[in-house]
Every structure is written in C-alpha cells, then in structure tokens.
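An overview of the molecular structure
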Amino acid sequence: MPNTISEGADPLPDPLPAKITIATVTYNAANLIGRTIKSVAQQTYPHVEHLIVDGNSTDNTLTLIHEYQKANSRATVPHEVVCLSEPDEGLYDAMNKALDMATGDYIVFLNAGDTLSDAKALERVAEQTSGHPAVIYGQTKLVDLAGNILGDRHLSAPERLTWGSFRRGMLVCHQAFYVRTDLAKRTPYNRSYRFSADYDWTVRILSIAHHRQLPTANTHSVLCHYLREGLTTANHKASLWERFRIMCRHYGVVSTILHHVWFLTRRVFR
C-alpha cells in the first residue's frame, strides 16, 4: 500500500518505503516497448508499480507486454505490472487514465522507447522521498531509435527547481520529473493541447508546489534516456507555438517575449 500523504499537510514520518509508479503509454509500439520494459524490469529498487496504458494496439505490443507480465511473476522480487488496453482519445487521454490508476507515492511517465538510465535510477529517486517533496527530478540523455546515446539535452536541470524555472523552457525532461501522486491526480493533463500538455502540466505542478511551499528535490544524476524522435519532435514547429502560448498563459506575454529574446540572443552570440 502507498504511504498516505495528505494534500498540503506538513511532512510526515516515512513508515514505509515509497512506492514509485512508472506509467507507460503505448500504441503499436512493438519495435520500441521492449527496451522500456527491460529498463523497468532491471531496477534494483523493489517497490515499483509499472502501469502500461495501451490504445488497443494491433501489432505485437500486447504480446510483448503479456510476456513481460509472465516473466515478472517469476522474478525473485517482482514489481507490480498492470496493463490496460482499450481505445483512447490520444496520448494525453491515456496519460490521464494512468493518473487515475496509479497507486504509488510518486509517478513518472516513461513512454515506449524511453528508458530509465540504469538499474539504480529508482533507488536514487527513492533516496529523495524523505519529507515528501512535490517533485523529484534529474538529468536526461538523448537517444536515437536504435538506443544509441546522442548526448545531453540542450536544456539542463537547474540546481534548484521552482515554478519560475520553466520560464526558460522545459529545463527538466518530463521523463525525469517524478511527481507526488496525490498532487498529480488532482492535476490532469489539459487535453486541449495537442503536443505540449506535458509542459503545461509540469508548470501547473510546480505552481502548486510554490503556493503550498512544498520543496522539490534534485537527485543530481541522470535518471532517463529520452527518445528524441517522439511526438513533440515530429511536430516541432506546432509544439513550439503551443508551448509559447502556454508560457504566455502562466508567465505573462511580456515576460515570455523577453525570455524568448534572451534565448535567441544567447544562441546567436554563443
């Protein structure tokens, strides 16, 4: 059972190890899901729930997931592996389903093709759960479709993450952004955004943390390998415009324009 964290309450003692929910959304992802599954299965941290929300795949995705569930049941220290497969209304609808299903103390989204950085990634996250920070975060490396590491993201996680940090863009990759599940459940993804609802969601989570004076915790480590060829990358221009609108909504038009001017100037004179 997950630890109970009352919304907005003072930090409580930690009578039980934190349970971490990894949520993976799939649709016809047979060529990618294997490495994501493997990265979760190899975690040395035992208190893991892996939710796989599938959009009723027609390829071999479900077969691979069922094989994963069977192998997990025979593991020395099995994780909880739950799969829901049914039609959905897109990526963010499926992610909201995962929020509803999650039973862990913290949740992170790790989609098909993305992987945890190494076998001890969740141990490093769990080490930061004392005091129940609103968000636990870390760095990310980019990989290609073959899983080869391409390097670090252009934006890197700040030493201290606050609501204002994301004025400079999405400094923390969504796949390295672990959120207290009680806060996440009360903050569903805004499905009116097609490509950047994850950016909007992270800003809203940090806004809640700011107003309730809840801390964030930096693991000071690489937590995930992110597949560069994702939905946002494939629709890069539309995603940037949508993100600009989200920034204007949260930070104001003038502030957003000034930060974009600063960003462009830095790129030109680097």
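Calculation rules
Residues numbered from 1 in each chain as written. Predicted model: local features only at pLDDT ≥ 70, side-chain atom pairs only at ≥ 80, totals over all residues. Heavy atoms only, no water. Salt bridge = Lys/Arg side-chain N within 4 Å of Asp/Glu carboxyl O. Helix = DSSP H or I, 4+ residues; strand = E, 2+ residues; numbered from the N terminus. Buried < 20%, exposed > 50% of the residue type's maximum accessible area, 1.4 Å probe, protein only. Pairing = 2+ DSSP bridges. Expected span 1.5 Å × (residues − 1). Contact = heavy atoms within 4.5 Å. Core = buried A, V, L, I, M, F, W, Y, C linked by side-chain atoms within 4.5 Å. Axes fitted to C-alpha atoms, helices over the stretch in contact; angles between N-to-C directions. Parallel < 35°, antiparallel > 145°, perpendicular 65-115°, else oblique. Left-handed = near helix turned anticlockwise from the far one by under 90°. Nonpolar A, V, L, I, M, F, W, Y, C, P; charged D, E, K, R; others polar.

**Describing the pattern of salt bridges**
This model, assessed by the stated rule, comprises 10 salt bridges. Of the charged contacts, one joins Asp152 and Lys141 as a salt bridge, the two residues approaching to 2.6 Å between their closest N and O atoms. Taken together, the residues Asp152 in strand S7 (residues 149-152) and Lys141 in strand S6 (residues 135-143) connect sequence positions 11 residues apart. Residue Asp152 is classed as exposed on the basis of its relative accessible area, which comes to 54%. Where Arg249 meets Asp200, a salt bridge forms, and the shortest distance between an N and an O atom there is 3.9 Å. With Arg249 in helix H8 (residues 236-251) and Asp200 in helix H6 (residues 197-211), the pair connects residues that are 49 residues apart, well separated along the chain. The exposure class of Asp200 is buried, given its relative accessible area of 0%.

**Quick notes on unusual backbone geometry**
Not every positive phi belongs to a glycine, and Gln213 is a case in point at roughly 55 degrees. Residue position: Gln213 is located in the loop between H6 and strand S9 (216-227). Taking the relative accessible area as the measure of exposure, Gln213 reaches 72% and is therefore exposed. Although it is not a glycine, His220 adopts a positive phi angle of roughly 55 degrees.

**Remarks on the pairing of strand S1 (residues 20-26)**
Across the 7 residues that make up S1, a large majority, 7, are buried. Of the two faces of S1, the one holding Ile20, Ile22, Thr24 and Thr26 and the one holding Thr21, Ala23 and Val25 are both buried throughout. Sheet analysis places S1 next to strand S2 (residues 48-54), joined by 7 bridges and oriented parallel. Residue pairing for S2: Val25 is matched across the bridge by Val53. In the sheet, S1 pairs with strand S4 (residues 106-109) via 4 bridges, with the strands oriented parallel. Bridge assignment links Ile22 to a residue of S4, and that residue is Val108.

**Brief notes about helix H2 (residues 61-73)**
Look at H2: 19 Å from first C-alpha to last across 13 residues, which is about the 18 Å you get at 1.5 Å a residue. Tucked into the core, H2 has its buried residues touching S1, helix H1 (33-41), S2 and strand S3 (80-85).

**A look at the nonpolar core**
Core analysis: the largest hydrophobic core is formed by 70 residues, its most contacted members being Ile22, Phe109, Val135, Phe166, Phe177, Tyr178 and Trp201. No other element matches H6, which puts 7 residues into this core. Beyond its immediate sequence surroundings of up to four residues, Phe166 is in contact with Leu161, Leu171, Val172, Tyr199, Thr202, Val203, Leu206, Met247 and Tyr251.

**A closer look at the packing of H1 against H2**
Geometrically, a packed helix pair is captured by the angle between its two axes and the distance between the axes. For the pair H1 and H2, the least separation of the axes is 10 Å and the interaxial angle reads 15 degrees. For the element pair H1 / H2, the angle class is roughly parallel. Here the hand of the crossing between H1 and H2 comes out right-handed. Of the residues in H2, those in contact with Ile33, Ile37, Val40 and Ala41 of H1 are Leu64, Ile65 and Tyr68.

**Side note on the environment of Gly164**
Examined against the element boundaries, Gly164 turns out to sit in the loop between S7 and strand S8 (177-180). Measuring from C-alpha to C-alpha, the distance between Gly164 and Ser207 comes to 8.5 Å, with 43 residues separating the pair along the chain.

**Looking at the packing of H6 against H8**
With their axes 9 Å apart at the nearest point, H6 and H8 run at an angle of 20 degrees to one another. When the axis of H6 is compared with that of H8, the two are roughly parallel. Where H6 crosses over H8, the handedness of that crossing is right-handed. Across the interface between the two elements, Ala197, Tyr199, Asp200, Val203 and Arg204 of H6 pack against Glu242, Arg243, Ile246, Met247, Arg249, His250 and Tyr251 of H8. Residues of the contact of H6 with H8, tallied by class, amount to 6 nonpolar, 1 polar and 5 charged.

Read these as layout, nothing more, since geometry by itself doesn't imply function.
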